[in-house]
Amino acid sequence: MDTTMLFAQFQKKIDQDIKIEPQDWMPDEYRKTLIRQISQHAHSEVVGMLPEGNWITRAPSLRRKAILLAKVQDEAGHGLYLYSAAETLGITRDEMYQQLHSGKAKYSSIFNYPTISWADMGAIGWLVDGAAIMNQVPLSRCSYGPYARAMVRICKEESFHQRQGFEILLTLSKGTKAQRKICQDAINRWWWPSLMMFGPTDNDSPHTAQSMLWKIKRFTNDELRQKFVDVCAEQVKFLGMTLPDKDLKWNEERQHYDFGPINWEEFWNVVKGNGPCNKERLATRVQAWEDGAWVRDAALAYEEKKAVRQYRYDAENENTKMPVS
Amino acid sequence: MLTLIRKYFYGDYGEIENGAPPAPPSREWPLWEVFIRSKQGLDHKHVGSLHATDAAMAIENARDVYTRRMEGVSIWVVESRHIHASNPDEAEALYDPANDKIYRHPTFYQLPDELKYM
Amino acid sequence: MNAESMIPNHNAVTDTTINAMLQLADDNLIMGHRCSEWCGHGPILEQDIALTNIALDFVGQARNFYQYAATILQQMPNEKALALVDFDMVPEQITEDSLACLRDAGAFKNHLLVELPNGDWAQTMLKIFFFSAYRFYLFQLLQKNTDTQLAGIAEKSIKEVQYHLKWSSEWVIRLGDGTDESKNRILKAMDTLWPYAGELFGPAKYELECYQLESIAFETLRVNWLEKVNQIFEMATLPAQSFTQWHQSGGKQGIHTEYLGYILAEMQFLPRTFPNATW
């Protein structure tokens, strides 16, 4: 079959909102884009366990400890769903890890910022998970079936994450002076990096046009960012706190909030590895993986021994078996 | 003949996409597909996959990964390499012929409205 | 003569129950703490998730025991309640959290085994295996306790414990009969942990009284436990074990290893830095 025709059929399916499934023909670039995006997303979930995992042993109450544990565990689960989805495209999880550990693959830069107070658990839930949800809800309608299905599951679970985060901040905002102080401080530190989570502006986002044509992406980075700002500018009022942007104000004409310029120099620097925790986060992942090698090997070795034993047992019993009449 | 599954390497933001160094020989745990019955009376439904060294471990992992929120009452696992699938290239030959057999559907038959219980 | 002294046994029974609940809760809390340290650092994603589930179960059980103790304490005059618990910061109200966070190491009653560092995956698996096997047999006895609250918590928890026992047994077998390296590591873990196993079966007076057990019951517990351990060790191609005369102890009396202080410093720092704040 002529590939031009395959391309045309493929695009027709996409245009008709027919999902693409693993065994279907797809353009190389589509497969490559998906592998890049899904694995980057999976890595983000797994690296994202670290900044919050940092506070599990210091959670201020048993209830908070249980919630945080469950939440960080969910992130591991989300990473797993996403690696699964990427594996349907013909890449193995080990290969994806290899790319992460060698620094080839990226993950969301937000996780390269440190969590330095308990309030950060609240700010991450509210802002970081909030921004993630804003990105992810449209992805659950993405054209690639396994990715879309993974996203449906993830979105369902994420909303608990955002709510628990807001609840942490709400409690702090009604607390002592010291608690209100760490609350505002956390919002100040996480606000801008959260806005950066939507990626570069549309002008600087080379992949966007093609991804939208393929319905991997449904909204542009700037559209989603604006939506996020509009939502948060209202939500912050419930906390009696402020967002750290003097230019933030309602624009009656646009029916949106205007907001100040994003520091893209910081963004690109963190992407390139110069964020406060890039090295530490990656080193931690690499170490967990390397420290676990003997464990994974032992489990495989045991399995192989067991299989050999089973084979011998079956072979021996084959000879002694009475014929069934 | 088209190769349906090919392996690709990673490229990122504005990076020259040369791909990562080749992965070392795989000692990866086998991949398993997971099917969950969400409640008694319903079919097991495919939910995703995971890695495990054997079936028992795959079931335990599935319990921890896919039923954290009471999503299931029963789990099936099967090693992914044992799943056989129909070829999507033959989809038309396989499934289109059913299109014109509309007489298989109850709505094909015109019967008087007064006729009950049928 | 005041009214309370007219029911002489009441205080003693309460004292016993509180101590025993704190012992159970402290064991769970510290186990949960150690297991949760693995979260995000496990050898493979699936097992990271599995171990975090277990950590969650431990924390959940700790909460049940602390809450029960707190309920009993809340029902008595505050002064008396405070006298029963060795708080080193006086809480505004006695809750699961004040019990967990406002007692210092000397007031903690957990076994020394649970506070030992995680070490490698082998040591963590072996520790969970030892602890779960002990809890499995203990909770079977506690299910029959006339204190319906205690019996209820034991009944609910035993399902979780059963799974922990199965899961950790499988890992002990895999590591014992896996590679040379894994076998060496589990043997090393064995050397590290064994001196702390004996303490599980030396009951404090408050345990015997609250659990309504004779010392012989703990002796049976010890025999059952050792049998289980050796059964799994045999499958794991590991050498059979027996108890020697000497073992480390002191946890139940509040005399701990150096590790507990660090655990508590981490765990308790927020409630202690901001006394009486709500979280």
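For every chain, the first residue of the written sequence is number 1, and numbering continues from 1 along that sequence. A letter from A marks each chain and a number from 1 marks each ligand, given out in the order of writing. In view of the model being predicted, local features appear only for residues whose pLDDT reaches at least 70, and side-chain atom pairs are presented and counted only at 80 or more, with totals across whole chains, interfaces and linings using the full set of residues. No hydrogens and no water enter the side-chain calculation; it runs on all heavy atoms of the structure.

Digging into the overall build of chain C
At step 1: Counting its secondary structure elements, chain C contains eleven helices and zero strands.
At step 2: Ordered by position from N to C terminus, the α and β elements of chain C give α-α-α-α-α-α-α-α-α-α-α.
At step 3: Computed over the C-alpha atoms, the radius of gyration of chain C is 19 Å, within 12% of the 19 Å expected from 2.2 N^0.38 for a compact globule of 279 residues.
At step 4: Principal-axis analysis of the C-alpha atoms places the extent of chain C at approximately 70 × 45 × 30 Å.
At step 5: Burial classes follow relative accessibility: with a 1.4 Å probe on protein chains only, a residue under 20% of its type's maximum area counts as buried, one over 50% as exposed, and anything between as partly exposed. When burial is assessed residue by residue, chain C has 60% of its 279 residues classed as buried. Secondary structure elements follow DSSP: runs of H or I of four or more residues count as helices, runs of E of two or more count as strands, with numbering from the N terminus. The globule rule used here is 2.2 Å times the number of residues to the 0.38 power, and the radius of gyration it is set against is calculated over C-alpha atoms.

Let's talk about the overall build of chain B
At step 1: Helices and strands together make up the secondary structure of chain B, namely two helices and three strands.
At step 2: The N-to-C order of helical and strand elements in chain B reads β-β-α-β-α.
At step 3: Sorting the 118 residues of chain B into buried and exposed places 31% on the buried side.
At step 4: Contacts spanning at least 24 positions in sequence make up 42% of the contacts within chain B whose residues lie at least 6 apart.
At step 5: Where accessible areas are quoted, they stem from the Shrake-Rupley method and a 1.4 Å probe; at the residue level, only the protein chains shown are allowed to cover. Accessible surface for chain B amounts to roughly 8400 Å². Of this, 58% is attributable to carbon and sulfur atoms. Contacts are assigned to residue pairs that have any heavy atoms within 4.5 Å of one another.

Brief notes about unusual backbone geometry
At step 1: A positive phi angle is found at Asp17(A), which is not glycine, with a value near 60°.
At step 2: Judged by relative accessible area, Asp17(A) falls into the partly exposed class, the value being 49%.
At step 3: The phi torsion at Tyr117(B) lies on the positive side, around 55°, for a residue other than glycine.
At step 4: In this fold, Tyr117(B) is placed in the segment after helix 2 (91–95).
At step 5: Residue Tyr117(B) is classed as exposed on the basis of its relative accessible area, which comes to 86%.

Observations regarding the pattern of salt bridges
At step 1: Think of a salt bridge as a Lys or Arg side-chain nitrogen and an Asp or Glu carboxyl oxygen that are within 4 Å of each other. Throughout the structure, instances matching the rule amount to 42 salt bridges over all chains.
At step 2: A single network of salt bridges, built from pairs that share partners, joins Glu52(A), Lys71(A), Glu75(A) and Asp129(A).

Topic: a nonpolar patch on the surface
All names here are of chain B.
At step 1: Residues enter patches when they are more than 30% accessible in relative terms and free of salt bridges; like-charged ones are connected within 9 Å and nonpolar ones (Val, Leu, Ile, Met, Phe, Trp, Tyr) within 5 Å. Where nonpolar side chains cluster on the molecular surface, the patch consists of Ile102, Tyr103, Phe108, Tyr109, Leu111, Leu115 and Met118 and spans about 770 Å² of accessible area.
At step 2: With respect to the helices and strands, tyrosine 109 occurs in the segment after helix 2.
At step 3: Take tyrosine 109: its relative accessible area is 46%, and that puts it in the partly exposed class.

Digging into the interface of chain A and chain C
At step 1: Listed per partner, the contact involves 47 residues of chain A and 46 residues of chain C.
At step 2: Here's the idea: put two parts together, see how much 1.4 Å probe accessible area each one loses, and the total over both is what we call buried area. Summing both partners gives a buried area of about 3900 Å² for chain A against chain C, and 71% of it is carried by carbon and sulfur.
At step 3: At the boundary of chain A and chain C, one finds three salt bridges.
At step 4: Between Arg309(A) and Asp177(C) there is a salt bridge, with the nearest N and O atoms lying 3.0 Å from each other.
At step 5: Those elements giving two or more residues to the side of chain A that touches chain C turn out to be helix 3 (49–53), helix 4 (62–87), helix 5 (93–101), helix 7 (145–173), helix 8 (177–196), helix 12 (278–291) and helix 13 (293–320) of chain A.
At step 6: With 14 residues, the top contributor of residues to the side of chain A that touches chain C is helix 4 of chain A.
At step 7: When grouped by side-chain class, the residues that make up the side of chain A that touches chain C number 27 nonpolar, ten polar and ten charged. Under the grouping applied here, Gly and all other residues not named as nonpolar or charged are polar, the nonpolar ones being Ala, Val, Leu, Ile, Met, Phe, Trp, Tyr, Cys and Pro and the charged ones Asp, Glu, Lys and Arg.

Describing the interface of chain C and chain B
At step 1: Counting residues at the interface gives twelve residues for chain C and ten residues for chain B.
At step 2: The junction of chain C with chain B conceals about 1100 Å² of combined surface from both sides, 52% of it contributed by carbon and sulfur atoms.
At step 3: For the interface between chain C and chain B, the tally reads one salt bridge.
At step 4: Lys166(C) is the partner of Glu60(B) in a salt bridge, and the nearest nitrogen-oxygen pair spans 2.8 Å.

Some remarks on the pairing of strand 2 (residues 44–51) of chain B
Residues and elements named next belong to chain B.
At step 1: Two strands are said to pair when DSSP picks up at least two bridges between them. Inspection of the sheet shows strand 1 (residues 31–37) paired to strand 2 by seven bridges, in the antiparallel sense. When the bridges of strand 2 are listed, valine 34 appears paired with glycine 48.
At step 2: Linkage of strand 1 to strand 2, two consecutive antiparallel strands, is achieved through a turn of six residues, within which glycine 41 is found at a positive phi near 100°.

Examining helix 2 (residues 28–47) of chain A
Along an α-helix, a turn takes 3.6 residues, which lines up residues three or four apart on a common side.
At step 1: A helix is expected to span 1.5 Å for every residue after the first. With 20 residues, helix 2 of chain A extends 28 Å from end C-alpha to end C-alpha; this agrees with the ideal 28 Å at 1.5 Å per step.
At step 2: Of all 20 residues in helix 2 of chain A, 16 are buried; the element is thus mostly enclosed.

Side note on the packing of aromatic side chains
At step 1: Stacked, tilted and edge-to-face are the three classes assigned to paired rings of Phe, Tyr and Trp, where Trp is represented by its six-membered ring and a pair needs centres within 6.5 Å; plane angles under 30 degrees give stacked, over 60 edge-to-face, the rest tilted. Counting across every chain of the model gives 36 aromatic pairs over all chains.
At step 2: When the centroid spacing of 5.1 Å and the interplanar angle of 80° are considered together, the rings of Phe7(A) and Trp25(A) count as edge-to-face. Taken together, the positions of Phe7(A) in helix 1 (residues 3–15) and Trp25(A) in the loop between helix 1 and helix 2 put the pair 18 residues apart, joining distant regions of the chain.
At step 3: Residue Phe7(A) is classed as partly exposed on the basis of its relative accessible area of 41%.
At step 4: The exposure class assigned to Trp25(A) is buried, which follows from its relative accessible area of 18%.
At step 5: Ring-over charges, as used throughout, are those where CZ of Arg or NZ of Lys falls within 6 Å of the ring centre and within 35 degrees of the ring normal. Over the ring of Tyr163(C) we find Arg63(B), and its NZ or CZ is 3.8 Å from the ring centre.
At step 6: Over the face of the ring belonging to Phe108(C) we find Arg103(C), whose NZ or CZ atom lies 4.4 Å from the ring centre.

Considering the sheet that holds strand 3 (residues 74–79) of chain B
The strands that make up a sheet pair up through hydrogen bonds in the backbone, lying either parallel or antiparallel.
Residues and elements named next belong to chain B.
At step 1: Strand order across the open sheet formed by three strands is 2-1-3, with antiparallel pairing between neighbours. Either end of the sheet is taken by a strand with one partner, and the two such strands are strand 2 and strand 3. Mean inter-strand twist for the sheet, computed between neighbouring axes without regard to direction, equals 25°. Each axis is a line fitted through C-alpha atoms, and for a helix only the stretch in contact is used; angles between axes span 0 to 180 degrees, taken between their N-to-C directions.

Focus: the nonpolar core
At step 1: Phe130(C) and Trp225(C) are the most contacted members of the largest nonpolar core, which totals 213 residues.
At step 2: Residues in contact with Trp225(C), not counting those within four places in the same chain, are Phe130(C), Ala133(C), Tyr134(C), Tyr137(C), Trp194(C), Ala197(C), Leu200(C), Phe201(C) and Phe243(C). As used here, the term nonpolar core means buried Ala, Val, Leu, Ile, Met, Phe, Trp, Tyr and Cys residues forming a set that is joined through side-chain atoms within 4.5 Å.

A few points about the environment of Leu84(C)
Residue and element names in this part refer to chain C.
At step 1: Considering the arrangement of structural elements, one finds leucine 84 in helix 3 (residues 78–84).
At step 2: Residues leucine 84 and threonine 16, spaced 68 residues apart in sequence, show a C-alpha to C-alpha distance of 9.6 Å.
At step 3: Those residues in contact with leucine 84, other than ones at most four positions away along the chain, are Thr14, Asp15, Ile18, Leu73 and Met76.

Side note on the layout of surface pockets
At step 1: In this analysis, the protein atoms alone were mapped onto a 1 Å grid. Cavities are point sets where a 1.4 Å probe fits without being able to get out; pockets are open sets with protein on both sides within 12 Å along at least five of seven lines; lining residues have an atom within 4 Å of a point. Grid points are joined across faces, edges and corners, and a volume is the space filled by probe spheres set on the points. Looking at the largest pocket, its volume works out to about 1600 Å³.
At step 2: If you trace the largest pocket, you find 44 residues lining it, with Thr88(A), Glu33(B), His46(B), Gly48(B) and Ser49(B) closest to the centre.
At step 3: Only helix 4 and helix 7 of chain A together with strand 1 and strand 2 of chain B provide two or more residues apiece to the lining of the largest pocket.
At step 4: Take the lining of the largest pocket: its biggest share by element is seven residues, from helix 7 of chain A.

Quick notes on the packing of helix 6 (residues 119–139) of chain A against helix 8 of chain A
Residue and element names in this part refer to chain A.
At step 1: In the contact formed by helix 6 and helix 8, the axes pass within 9 Å of each other and the chain directions differ by 30°. Classified by the angle their axes make, helix 6 and helix 8 are roughly parallel. In this structure, the crossing between helix 6 and helix 8 has a hand that is right-handed. For the pair formed by helix 6 and helix 8, the contact residues are Ala119, Asp120, Ala123, Ile124, Trp126, Leu127, Val128 and Ala131 on the first element and Ile182, Cys183, Ala186, Ile187, Arg189, Trp190, Trp191 and Ser194 on the second.
At step 2: Per-class residue counts for the contact of helix 6 with helix 8 are 13 nonpolar, one polar and two charged. Oblique is the label for every angle not falling under 35 degrees (roughly parallel), over 145 degrees (roughly antiparallel), or within 65 to 115 degrees (roughly perpendicular). Helix crossings are classified by the rotation of the near helix relative to the far one: an anticlockwise turn of less than a right angle makes the crossing left-handed, while a clockwise turn makes it right-handed.

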